[in-house]
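As a plain string of letters, each chain reads:
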Amino acid sequence: MAQSGEPKPATAARIYDYHLGGIHNFPADREAGDTVAKLFPLVPALARNNRAFLRRAVQYLAASGVRQFLDVGSGIPTVGNVHEVARAIVPDARVIYVDLDPVAVSESLEILDGDSRATAVRADLRDPDSILTHPQVRRMINFREPVGVLLIAVLHFVPDDEAAVDAVSRLCAPFVPGSHLAISHASGDGMVEPKTDDLAVAKDLYSRNTTTPFHLRSRPQVERFFAGLELVEPGVVWLPEWRPAPDDPTDFTAQPSLSAGLAGVGRIR
Ligand SMILES: C[S@@+](CC[C@H](N)C(=O)[O-])C[C@H]1O[C@@H](n2cnc3c(N)ncnc32)[C@H](O)[C@@H]1O
């Protein structure tokens, strides 16, 4: 991405885009991204596997009758965006992308220009009402029909456990039965030898260099986000274990826990 004016500070969205091999990042993002990748060489593979879960979850939801999606913490448009994946199954699927990062929103709007059934808005997951009452959300989402709420690799940027659980519950509250919640979340449960010093450095890096510090959660903590929902089989599992498909990346086939990401889908009753 060309740099103009003042150097841009790193953001979680652009560091992630850099790790996915995207083009929507600046020098500060690449520098922070390289530091993270030096500490955790698996990070680009984690990003790939997370993105593959997103694809499978959207395919599952679309095949289950979901025709509208609210993708919160959507990031910068990159390979396999939700509207593209969903429309391969439901051609008239509607998608609202929501992100805190203005660059993620403006890049999304650029890509979606002229698409009357998809848009991007800037809002904060920690304030779910600001999402649910957003004029674009009210305009595009039919609250009488099932909605697919996607919280993919975003909840670990909401460190306060109670605030995160409360935000998810408030975000899902207005949606009718048949709606679904899909979550992926960074977890240290599978670390054989927890590299606490490295982890502390990585956490500190996000805290100092972005506006969104991150927080790992255990499987029971991730399962808590699905309280009151019917957890779809196989439950909350490592990323590559959630309904694997033949075209998935194979980075963690031998040891799925190394994917460091837990994933699950719940059905709103
Ligand atoms: C790792 S990216 C995930 C992108 C995409 N969901 C995916 O999995 O490919 C995390 C995104 O969450 C966004 N984010 C972090 N905290 C947020 C918040 N409180 N509200 C909305 N978005 C947030 C970041 O800006 C970033 O774009």
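These notes cover the structure that comes with them. No experiment lies behind these values; they were computed from the predicted model shown. (Residues numbered from 1 in each chain as written. Predicted model: local features only at pLDDT ≥ 70, side-chain atom pairs only at ≥ 80, totals over all residues. Heavy atoms only, no water.)

### Considering helix 3 (residues 43–63)
Defined as follows: Counting from the N terminus, the helices are the DSSP runs of H or I reaching at least four residues and the strands are the DSSP runs of E reaching at least two. The length a helix should cover is 1.5 Å for every residue beyond the first. Relative accessibility thresholds used throughout: buried, under 20% of the residue-type maximum; exposed, over 50%; partly exposed, between the two (1.4 Å probe, protein chains only).
The end-to-end C-alpha separation of helix 3 is 30 Å, in line with the 30 Å expected for 21 residues at 1.5 Å each. For helix 3, the tally of buried residues reaches 15 of 21 residues, placing the bulk of the element in the interior.

### Considerations on the side chain of N49
In plain terms, the rule: Between two residues, a contact is recorded if the distance between any of their heavy atoms is within 4.5 Å.
As for its placement among the helices and strands, N49 is situated in helix 3. In contact with N49, other than residues within four places in its own chain, are L239, P240, P249, D251 and F252.

### Points about the site of the ligand
Heads up, the condition is: Only a single heavy atom is needed: when it lies within 4 Å of a molecule or strand, its residue is near that molecule or strand. Within 3.5 Å is the distance limit for a polar contact, defined as a pair of N or O atoms, with the added protein rule that one can donate a hydrogen and the other accept it, and that residues adjacent in sequence qualify only through two side-chain atoms. All accessibility values rest on the Shrake-Rupley procedure with a 1.4 Å probe; residue burial counts only the protein chains present in the view.
Near the ligand, the surroundings consist of 19 residues, among which Y16, N50, R51, G73 and D99 are the closest. Between the ligand and R51 there is a distance of 2.6 Å, counted from an oxygen atom to a side-chain nitrogen or oxygen. Here a nitrogen atom of the ligand sits 3.3 Å away from a polar atom, N or O, in the main chain of L100. Considered on its own, the ligand offers 600 Å² of accessible surface; in the complex 97% of this is hidden by protein. Of all the elements in the fold, those that place two or more residues in the shell around the ligand are helix 1 (12–19) and helix 3.

### A short note on the packing of aromatic side chains
What counts is decided by this rule: For Phe, Tyr and Trp, rings pair up if their centres lie within 6.5 Å, where Trp contributes its six-membered ring, and each pair is then called stacked (planes under 30 degrees apart), edge-to-face (over 60) or tilted (otherwise). Geometrically, a lysine NZ or arginine CZ counts as sitting over a ring once it is within 6 Å of the ring centre and also within 35 degrees of the ring normal.
In total, this model carries three aromatic pairs according to the counting rule given. When the ring of F53 is compared with that of W242, the centres are 5.5 Å apart and the planes differ by 90°; the resulting orientation is edge-to-face. You can see F53 sitting in helix 3 and its partner W242 sitting in the loop between strand 7 (237–238) and strand 8 (261–267), a full 189 residues away along the chain. Plain terms: the ring middles of Y60 and W242 are 5.7 Å apart, the flat faces sit at 90° to each other, and that makes the pair edge-to-face. Here Y60, found in helix 3, pairs with W242, found in the loop between strand 7 and strand 8; they are 182 residues apart in sequence, far enough to count as distant. Grouping aromatic residues by their ring pairs yields a cluster made of F53, Y60 and W242. The ring of F143 carries the charged tip of R138 above its face, separated from the ring centre by 4.3 Å. Positioned above the aromatic ring of W242 is the side chain of R243, whose terminal nitrogen or guanidinium carbon lies 5.5 Å from the ring centre.

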